[in-house]
Amino acid sequence: MNTATLTNRPLQSGFLMLALGAVLLISLPLVIWQIVLPGVDETTALLYTRYTARVSFLFFLPVFTGRALQVLFTSGFTRQLVRRRRQLGLAFALAHGIHMLAIMLLYVTEDRWFSAEDGAALFIYFMLGLMVITSNTFSVRRLGRGWKWLHKFGMYALFVGFFATYLGRVTDYDARIEGGAIAEHLWVYILLLFVVSSAWLLRIAAFWKQRLNG
């Protein structure tokens, strides 16, 4: 067995653990709801959609901020984040894919389907799909500099999706409550908006640190 095989085995095992963890974290609540409740209704589907979105967001954060954290706070932990970024990214893609299934389940319970209003979200999922199928050494070599720009654009598309969602939840919170929407406490959305904004600021700080250091 060569050194490359020994080196790649921890990465592959790490991805499998992350992937299985994502599936369990996201699927278990739905299984429980299916057992406790007589089927999935609109409220259950909505809650499941929110739950899967939060879990995928947790997977997104280390992928989005890993390299910036390495630049700003170099340590063994941040080096591991960068080293395992591909595995974390694929685990996030899996989690976000299950979130899409949750959205589809919600639409079925609401007796509707995707429309033009979902265009931005569907484009983000399209970009995520491109990132997944090019997350391999072969694609990196074939696409060259295009690979970097594809993944950078895709990452920021995902960021904008999370940012716009949480910003919208904060700004139209009163209107949603008055409209009878099932909403969480305002502070939850403010916290999520703060976290995603902080992730963006970390990347900006890392960019300027590298720029100033030449």
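Just so it is clear, the structure is predicted and the values come from calculations on it, not from any experiment.

Conventions we followed
- Residues numbered from 1 in each chain as written.
- Predicted model: local features only at pLDDT ≥ 70, side-chain atom pairs only at ≥ 80, totals over all residues.
- Heavy atoms only, no water.
- Patch = residues over 30% accessible without salt bridge, like charges linked within 9 Å, V, L, I, M, F, W, Y side chains within 5 Å.
- Areas by Shrake-Rupley, 256 points an atom, 1.4 Å probe, with all protein chains shown as cover.
- Salt bridge = Lys/Arg side-chain N within 4 Å of Asp/Glu carboxyl O.
- Helix = DSSP H or I, 4+ residues; strand = E, 2+ residues; numbered from the N terminus.
- Core = buried A, V, L, I, M, F, W, Y, C linked by side-chain atoms within 4.5 Å.
- Buried < 20%, exposed > 50% of the residue type's maximum accessible area, 1.4 Å probe, protein only.
- Contact = heavy atoms within 4.5 Å.
- Expected span 1.5 Å × (residues − 1).
- Arc of directions from axis to C-beta.

Visitor: Looking at this model, I keep getting lost on a nonpolar patch on the surface. Mind explaining?
Guide: Residues W200, L201, I204, F207, W208 and L212 make up a contiguous nonpolar surface patch of roughly 640 Å² in combined accessible area. You can see I204 is positioned in helix 9 (residues 186-212).

Visitor: I would appreciate a short explanation of the nonpolar core in the present structure.
Guide: Nonpolar side chains in soluble globular proteins tend to end up buried together. One finds F57, F60, F92, L158, F162, Y166 and V196 to be the most contacted residues of the largest nonpolar core, which totals 30 residues. Mapped by element, the contributors of at least two residues to this core are helix 2 (42-72), helix 4 (85-109), helix 5 (119-133), helix 7 (145-171) and helix 9. With eight residues, the top contributor of residues to this core is helix 2. If sequence neighbours within four positions are ignored, F92 has contacts with S56, F59, F60, L128, L158 and F162.

Visitor: It is not clear to me how the side chain of H99 should be interpreted in this structure. Could you clarify?
Guide: Structurally, H99 can be placed in helix 4. H99 gets classed as buried once you look at its relative accessible area, which sits at 9%. Residue contacts for H99: discarding those within four places in its chain leaves T49, T52, A53 and Y125.

Visitor: Just to check I follow, could you spell out helix 5 for this structure?
Guide: An ideal rise of 1.5 Å per residue puts 21 Å on 15 residues; helix 5 measures up with 21 Å between its terminal C-alpha atoms. When helix 5 is considered as a whole, its buried residues turn out to be I124, Y125, M127, L128 and M131. The buried residues of helix 5 occupy one face: seen down the axis, they fall within an arc of 160 degrees.

Shape is all these values report; function is a separate question.
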